[in-house]
Amino acid sequence: MLRGLKLLSIIFLLAAFFHSAVAEESKKSLDLAIDGYGLSIGNSKNFTGLRINFRDRGVERINRINLTLWRPKDNDDAVYHGISLGLTAVGGGALKGISIGGLGVGAKKELSGVSAGLLGVGSGGNISGIAIGGLGAGAGGSISGLVIGGLGAGAGGDINGVCIGGLGAGASGNITGLAIGLLGVGSGGSIKGITIGGMGAGASANISGFTVGLLGIGAGKNLTGINIGGIGVGAGGELKGITICGIGAGSPSIKGLTIAGFGIGGEKIKGITLAIGMVKVEKEGRLTGFSASAFNFNKGRQNGISIGIVNYAVHLNGIQIGLINYVKNNPRGLKILPLINLHFD
């Protein structure tokens, strides 16, 4: 009995697709509907119910369930609301609901709900909901929700939610939420949340939250939160929070706990600063707190304690501990001292 029903269903679908293929060329359809609801076979323009077609062309609005065999053509103004399934592809002006294409899913204006395509998922406008593309997922506008692209995921606008790209994830605007890219994560605006870039993470403006970059992390303005860079971490404005990097960290302003494998440099440094090689403060700059490195090179003012092999300060208000300690604002005879040097304003 069940086998018979399955066979009958297959025969019905094949017959429906064959009829719709012929109907698509004649721009006609066979509609079996009561009060606007029912079954449509062919290229109906407007319908509510179950619609089966070989290829959609010039569709206006379809509600409920739409099944197609071939990729759409001249269908940029179509609106689909419900479930859209395409053996090769699903496409239209706006797709709302569940959209699954064997190869891909594409919307000219809007893609919302759940969408998935073996090759990719894309929208010329915004994407909202869950979008998964085997190779890539992208929007010309903004993305909100969960977006996964096997190679990459990106938006021409903002990204809000979870964005995962096998190679990279990026947005021309801001990224807020969780962003992961095997090679990197980038933003033309700001990044806020959890950011993990296999090679690096960067933003033209600010980065805040928890950020990891295998090679490095960079922000054109401020970098705030917990920052871990395999090689380096840098900010054009202020670096604030907990920063750990393999080689170096630098910013005009540094605040918090900063640890580097080799060196740390800035104009204004405040907090705890630890580096194996050197901590450097630029001319007329200021270091406030505690610093430890082989060479503490302060060309400005030091308020606090420095420990190293060599300590150098133009103006000291605190203590130096090391083999050689130089304090320029000390009296003659006390400028260079071994083991310890100090000066208090």
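Residues numbered from 1 in each chain as written. Predicted model: local features only at pLDDT ≥ 70, side-chain atom pairs only at ≥ 80, totals over all residues. Heavy atoms only, no water.

Novice: I'd like to hear about the environment of N311, residue by residue, with values.
Specialist: Following the sequence through the fold, N311 ends up in strand β28 (residues 310-327). Spatially, the C-alpha atoms of N311 and I340 are 9.5 Å apart, while their sequence positions differ by 29 residues. Other than its neighbours up to four places away in sequence, N311 contacts N296, S306, Q320, I321, G322, I324, N325 and Y326. Within the local environment of N311, its side chain forms a polar contact with the side chain of N325, the two groups lying 2.8 Å apart. (Helix = DSSP H or I, 4+ residues; strand = E, 2+ residues; numbered from the N terminus. Contact = heavy atoms within 4.5 Å. Polar contact = N/O pair within 3.5 Å; in protein donor to acceptor, adjacent residues only side chain to side chain.)

Novice: How would you summarise unusual backbone geometry if you had to cite specific residues and measurements?
Specialist: For D74, which is not a glycine, the phi torsion comes out positive at approximately 50°. Within the secondary structure, D74 is located in the loop between β4 (61-68) and β5 (79-86). On the accessibility criterion, D74 (55% relative accessible area) is exposed. Positioned with a positive phi, L339 is a non-glycine residue whose angle comes to about 70°. Tracing the chain through its elements places L339 in strand β29 (residues 336-343). (Buried < 20%, exposed > 50% of the residue type's maximum accessible area, 1.4 Å probe, protein only.)

Novice: Which residues make up the packing of aromatic side chains, and what are the values?
Specialist: Across all of its chains, the model carries three aromatic pairs by this definition. On the basis of an interplanar angle of 65° and a centroid distance of 5.2 Å, the ring pair of F297 and Y312 is categorised as edge-to-face. Within this pair, whereas F297 is found in strand β27 (residues 295-307), its partner Y312 is found in strand β28, the two being separated by 15 residues in sequence. Centre to centre, the rings of Y312 and Y326 are 4.9 Å apart; their planes meet at 15°, and the pair counts as stacked. You can call Y312 partly exposed: its relative accessible area is 25%. The structure contains a cluster of three or more aromatic residues connected by ring pairs, namely F295, F297, Y312 and Y326. (Phe/Tyr/Trp six-rings, centres within 6.5 Å; stacked < 30°, edge-to-face > 60°.)

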